[in-house]
Structure formats: structure tokens, C-alpha cells
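# Structure assessment
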Amino acid sequence: MSDFLDVLSQRHAADQFDPTASMTRSEIEVLAQEASQAPSTFNLQHWRFVAITDPQIRAQLSTTTIQPNRQRVVDASVIFVILGDLDAHRSVSEILEQSVTTGTLTRETADLWISTANQLYEANPHFAREEAVRSASLAAMVLMLAASNHGFASCPIGFAPNRLQEVLRTSDRYPPLMMIAVGRDTSVNRKRRPRLPVSQILSFDEFTEFNADKMRNAEGR
């Protein structure tokens, strides 16, 4: 295990993976379990993970993306496809009942959440998808940090959703939202790409758009 700040600062998108490296089922299950600690609205846990280790299926997955991602998909030890459950709210009663049983939620709060979730999701399918996307994104980030913490490298992979759905044969209830490659890093350059300074991304109390031209002019005076 590593210090969190070390994991955060050292995590980077791997350019290359060792095609001879493999991961055990137990190692993969640990990453999924740790990724599931991500937050989600009403604790609905909208995510579902599909771990692809079979080389032939990974080859099919590679056709859903573009180079250089195709080689990453083929060479990685495992490809995690994170699906969103658009009907997750239909299980809200069962999920929150567990919280009531364990004492982490009062009966009154659980009943309120159940009522609110059903109203929100049933009335607005678009909202249901947005929430699934948000939850899948949070789970994907935790998954990548978990991978780094266990000594693995990762890389988020862009893909064609319709094509990926065909390969996995998932129903419209479970659209693929994220794809993460995980394995042993063989990248030549493992340095993190520079991030924007806080002065360009942080505002207090109201949004202030960063103006690069204005700053350059001010510095030139």
C-alpha cells in the first residue's frame, strides 16, 4: 500500500502495457470492490463492472476505439468496462433497507429518499442517465487510484458506445459509460503531464473565467 498523495501524484495514463503480464481473479475483484466505495446518489450504486481478460474479446473491444488505444486494449491485463444502470432506482428500497438495518440511515430518512428517488427517476429518464454517468465516472476514478495503489497502471479509453454495446451484447438498460485499461506499465515516459495552475481553475464565491490574453498583457507591462 502507498501513501495517498504519492498515489495521486504518480498516477498517469499509461501509454504502453506489458502484454505478457496477467492479473489474478482475486486482484481484479479487489479493484472492483474498492472502486465500489465511490459515492452515488441515494447510494444507488448505478455502476456495473465487466472485467475483460480474454484476449479474443479484448481484440473485439479494440475495434471500438482508435489508435493508440487499440494496442493498449490488446496489451493490458484487464479491461474494465463500466456500465450504468438506468433503472437503479427500482432497487432503492432494498438498498436503503440495508442502511436502516445497519443503523447508518434512519427509517424516516430512508423513506424520504425512496419517495424522492422514485419521483425523480420515473419522471425524467434523462436525469437517470446523467446520474448513471456521474456515478460511473466517480467509480472509474476510484478504480484508477486503486489500481495505482496496488502497483498497477491504468488508462481511460475512449470508445464508440454503440459498437461496444454490440460487442458486450448489453441491453439499453446498461449502456457502457467508461472503459479503463489496467496492467503493468512499460511506458518509456511515466511522468505526469502538466496540470493547469490553481489560479486558472479555482474561483471563490463566483465563477471567474480565466483570460490568458489579459494575463499575458498584464505580465508584459
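Refer to the structure presented above.
## Focus on the overall build of the protein chain
- Across its full length, the protein chain carries 10 helices and four strands.
- Listing the helices and strands of the protein chain from first to last along the sequence gives α-α-β-α-α-β-α-α-α-β-α-β-α-α.
- Its C-alpha atoms put the protein chain at 55 × 55 × 35 Å along the principal axes.
- Looking at the protein chain as a whole, 38% of its 221 residues qualify as buried.
- Within the protein chain, residue pairs in contact and separated by at least 24 positions form 80% of the contacts whose partners lie at least 6 positions apart.
- For the protein chain, the accessible area works out to roughly 13200 Å², and carbon and sulfur atoms hold 53% of it.
- The average position of the 22 basic charges and that of the 26 acidic charges among the side chains of the protein chain differ by 7 Å.

## Focus: the packing of helix α5 (residues 92–102) against helix α6 (residues 107–123)
- Where α5 contacts α6, the axes come no closer than 10 Å and their chain directions differ by 165°. One element, α5, and the other, α6, form an angle in the roughly antiparallel class. Between α5 and α6 the crossing geometry is right-handed. Residue-level inspection shows Val92, Ser93, Leu96, Glu97 and Val100 of α5 in contact with α6, the latter providing Arg107, Ala110, Trp113, Ile114, Ala117 and Asn118.

## Topic: unusual backbone geometry
- Cis geometry is found at the peptide bond from Gln67 to Pro68, where omega equals 5°.
- When you line up the elements, Pro68 lands in the loop between α3 (55–62) and α4 (69–75).
- Positive phi, normally seen in glycine, also occurs at Asn43, with a value near 55°.
- As for its position among the elements, Asn43 is in the loop between α2 (25–35) and β1 (47–52).
- Non-glycine residue Arg169 carries a positive phi angle of around 55°.

## Focus on the pattern of salt bridges
- For the structure shown, the criterion picks out 12 salt bridges.
- Two residues, Arg173 and Asp85, come together in a salt bridge whose shortest N-O distance is 2.7 Å. Placement of Arg173 in the loop between α8 (161–168) and β4 (176–183) and of Asp85 in the loop between β2 (78–84) and α5 is noted, with a sequence separation of 88 residues between them.
- Judged by its relative accessible area of 2%, Asp85 falls in the buried class.
- The residue Glu131 makes a salt bridge to Arg134 at a minimum N-O spacing of 2.4 Å.

About the cut-offs
Residues numbered from 1 in each chain as written. Predicted model: local features only at pLDDT ≥ 70, side-chain atom pairs only at ≥ 80, totals over all residues. Heavy atoms only, no water. Helix = DSSP H or I, 4+ residues; strand = E, 2+ residues; numbered from the N terminus. Buried < 20%, exposed > 50% of the residue type's maximum accessible area, 1.4 Å probe, protein only. Contact = heavy atoms within 4.5 Å. Areas by Shrake-Rupley, 256 points an atom, 1.4 Å probe, with all protein chains shown as cover. Lys, Arg positive; Asp, Glu negative; His and termini not counted. Charge placed at Lys NZ, Arg CZ, Asp CG, Glu CD. Axes fitted to C-alpha atoms, helices over the stretch in contact; angles between N-to-C directions. Parallel < 35°, antiparallel > 145°, perpendicular 65-115°, else oblique. Left-handed = near helix turned anticlockwise from the far one by under 90°. Salt bridge = Lys/Arg side-chain N within 4 Å of Asp/Glu carboxyl O.

Remember that the coordinates give geometry; whether it matters functionally is a separate question.
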